Amino acid sequence: MKQQILVVLGYVEHEGKVLLSQRFEPSNPAVHLVWEFPGGTNHFGETLEQTCVRELKEELGVDVEPLELFPHPVSHTWDFGDRRVQIHLVCFRCRYIGGEARALEEEINDVRWVAHKDFGEYHFFETGKKFVEQALTLKY
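Residues numbered from 1 in each chain as written. Predicted model: local features only at pLDDT ≥ 70, side-chain atom pairs only at ≥ 80, totals over all residues. Heavy atoms only, no water.

1. Things to note about the overall build of the protein
Now for step 1: Each helix and strand in the protein was counted, giving two helices and eight strands.
Now for step 2: Reading the secondary structure of the protein in the N-to-C direction produces β-β-β-β-α-β-β-β-β-α.
Now for step 3: Relative to the compact-globule value of 14 Å for 140 residues, the protein shows a C-alpha radius of gyration of 14 Å, a close match.
Now for step 4: Expressed as lengths along the three principal axes of its C-alpha atoms, the size of the protein is roughly 45 × 35 × 30 Å. (Helix = DSSP H or I, 4+ residues; strand = E, 2+ residues; numbered from the N terminus. Rg over C-alpha atoms; globule rule 2.2 N^0.38 Å.)

Right, here's the structure in full:
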């Protein structure tokens, strides 16, 4: 079986730091305890902006305003034995509006505000590294 998924991420900067979340999926070592820009799957009928706002509120309790998309989306294919999943990721630069960032869903292990200069101390997905590179290049 083949499947395509659209994931919308939020690059949320506040007071010189960027919001990161850490995955908690012990059954999937490839993603367990990996850091990422928070976000989630686009639902049918949602705009990309609506997905970004909903996911960050549901997962982390923060309110954001999506401002602009990073210029280069990222795709990755995962093989899970009997199924193959192609994930397309887009990332919005977001304005932080409010809310206390905290892990609200069980697949999130930790949430942190991190300075750009400290990104190297965090283990990101390969796809996430591409958005980190874009953020640093574009000086978001």
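2. Describing the nonpolar core
Now for step 1: Within the largest apolar cluster, 21 residues are counted, with the highest numbers of intra-cluster contacts made by Leu20, Phe37, Phe119 and Phe131.
Now for step 2: Counting residues per element, the ones that place at least two in this core are strand E1 (2–14), strand E2 (17–23), strand E7 (83–98) and helix H2 (126–138).
Now for step 3: When neighbours within four sequence positions are excluded, phenylalanine 131 is seen to be in contact with Leu9, Phe37, Phe70, His72, Pro73, Val74, Leu89, Val90 and Cys91.
Now for step 4: In terms of nonpolar packing, the next biggest core, distinct from the first, is built from 14 residues, Cys52, Leu60, Val90 and Val111 among them. (Core = buried A, V, L, I, M, F, W, Y, C linked by side-chain atoms within 4.5 Å. Buried < 20%, exposed > 50% of the residue type's maximum accessible area, 1.4 Å probe, protein only. Contact = heavy atoms within 4.5 Å.)

3. Side note on unusual backbone geometry
Now for step 1: A positive phi angle, close to 55°, is found at glutamate 15, a residue other than glycine.
Now for step 2: Tracing the sequence through the fold places glutamate 15 in the loop between E1 and E2.

4. Remarks on the packing of aromatic side chains
Now for step 1: Applying the stated criterion across every chain yields a total of eight aromatic pairs.
Now for step 2: Considering the side-chain rings of phenylalanine 37 and phenylalanine 124, the 6.1 Å spacing of their centres and the 55° angle between planes classify their relative orientation as tilted. Of the two residues, phenylalanine 37 is situated in the loop between strand E3 (35–36) and strand E4 (39–41) and phenylalanine 124 in the loop between strand E8 (108–114) and H2; the sequence distance between them amounts to 87 residues. Per residue, the accessibility class of phenylalanine 37 equals that of phenylalanine 124, and both read buried.
Now for step 3: What links up through ring pairs into an aromatic cluster is the set Tyr11, Phe37, Phe70, Phe119, Phe124 and Phe131. (Phe/Tyr/Trp six-rings, centres within 6.5 Å; stacked < 30°, edge-to-face > 60°.)

5. Quick word on the side chain of glutamate 36
Now for step 1: Structurally, glutamate 36 can be placed in strand E3.
Now for step 2: Excluding residues within four positions of it along the chain, glutamate 36 makes contact with Leu20, Ser21, Arg23, Phe124 and Phe125.

6. As for the environment of alanine 135
Now for step 1: Mapping alanine 135 onto the fold places it in helix H2.
Now for step 2: You can call alanine 135 buried: its relative accessible area is 0%.
Now for step 3: Each C-alpha atom of the pair alanine 135 and valine 18 lies 10 Å from the other, and the pair is 117 residues apart in sequence.

7. Comments concerning H2
Now for step 1: The terminal C-alpha atoms of H2, which comprises 13 residues, lie 19 Å apart, in line with the 18 Å expected from a rise of 1.5 Å per residue.
Now for step 2: Along H2, the residues classified as buried are Thr127, Gly128, Phe131, Val132, Gln134 and Ala135. Seen along its axis, H2 keeps its buried residues to an arc of 160°; they face one direction. Turned more than 90 degrees off the buried face of H2, the exposed positions are Glu126, Glu133 and Thr137.
Now for step 3: Looking at the buried positions of H2, the neighbouring elements they touch are E1, strand E6 (74–80) and E7. (Expected span 1.5 Å × (residues − 1). Arc of directions from axis to C-beta.)

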